[in-house]
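Report on the structure
Each chain is listed here by its residues.
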Amino acid sequence: MSLPILNLSLHRTNPTLFAEQLRKACHEIGFFLLRHDIPEGVCDRALGETRRFFRRPAAEKMTISYENSAGFRGYMPLGVENTEGRADRR
């Protein structure tokens, strides 16, 4: 078994194939490497913002809790997610 390598540019040219590769990687392996042409500065800023968000106090993060979202999106504290009734620490 090897780490799947997906290329984001395929999403532009053949989104159906990209979606199938992504689905397969997630379901069969659980991880993948994503090749892209996003400028490094954009990636660095996104990572910085992510770190700043997770350093915020829990009460502040809970203001955007997934529990308040009809689409099941938002912050979810560690230990809340579960798989087959057991805590899932993803």
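This one's a predicted model, so the numbers in the text were calculated from it and none came from an experiment.

Looking now at the overall build of the chain. For the chain, the count of helices and strands is four helices and four strands. Counting from the amino terminus, helix and strand elements in the chain follow one another as β-α-α-β-α-α-β-β. Its C-alpha atoms give the chain a radius of gyration of 17 Å, clearly above 12 Å, the size a compact globule of 90 residues would have. In terms of overall dimensions, the chain has C-alpha extents of about 40 × 40 × 25 Å along its principal axes. Within the chain, buried positions represent 11% of all 90 residues. The contacts of the chain with a sequence gap of at least 6 include a subset with a gap of at least 24, amounting to 32%. For the chain, the accessible area works out to roughly 7500 Å², and carbon and sulfur atoms hold 55% of it. Separation between the mean location of the 14 positive side-chain charges and that of the 11 negative ones in the chain comes to 2 Å.

Along its 15 residues, helix α2 (residues 15-29) runs 20 Å from first to last C-alpha, staying within 8% of the 21 Å computed at 1.5 Å per residue. Within two residues after α2, Gly-30 carries a phi angle of roughly 100°, on the positive side.

Right, let's talk about the pattern of salt bridges for a bit. Applying the stated criterion across every chain, the model contains four salt bridges. The salt bridge partner of Arg-52 is Glu-49, with a shortest N-O separation of 2.7 Å. With Arg-52 and Glu-49 both in helix α3 (residues 40-55) and three residues apart, this pair spans about one turn of that helix. Overall, Arg-52 belongs to the partly exposed group, its relative accessible area being 40%. You can call Glu-49 partly exposed: its relative accessible area is 49%.

On the surface, Met-1, Leu-3, Ile-5, Ile-29, Phe-31 and Leu-33 cluster together into a nonpolar patch covering about 660 Å² of accessible area. Within the fold, Phe-31 resides in the loop between α2 and β2 (33-35). Under the relative-accessibility criterion, Phe-31 is labelled exposed at 61%.

As a further point, take the packing of aromatic side chains. Tallied over the full model, the rule gives four aromatic pairs. Put simply, the rings of Phe-53, Phe-54 and Tyr-75 touch in pairs and so form one group of aromatic residues.

Calculation notes
Residues numbered from 1 in each chain as written. Predicted model: local features only at pLDDT ≥ 70, side-chain atom pairs only at ≥ 80, totals over all residues. Heavy atoms only, no water. Helix = DSSP H or I, 4+ residues; strand = E, 2+ residues; numbered from the N terminus. Rg over C-alpha atoms; globule rule 2.2 N^0.38 Å. Buried < 20%, exposed > 50% of the residue type's maximum accessible area, 1.4 Å probe, protein only. Contact = heavy atoms within 4.5 Å. Areas by Shrake-Rupley, 256 points an atom, 1.4 Å probe, with all protein chains shown as cover. Lys, Arg positive; Asp, Glu negative; His and termini not counted. Charge placed at Lys NZ, Arg CZ, Asp CG, Glu CD. Expected span 1.5 Å × (residues − 1). Salt bridge = Lys/Arg side-chain N within 4 Å of Asp/Glu carboxyl O. Patch = residues over 30% accessible without salt bridge, like charges linked within 9 Å, V, L, I, M, F, W, Y side chains within 5 Å. Phe/Tyr/Trp six-rings, centres within 6.5 Å; stacked < 30°, edge-to-face > 60°.

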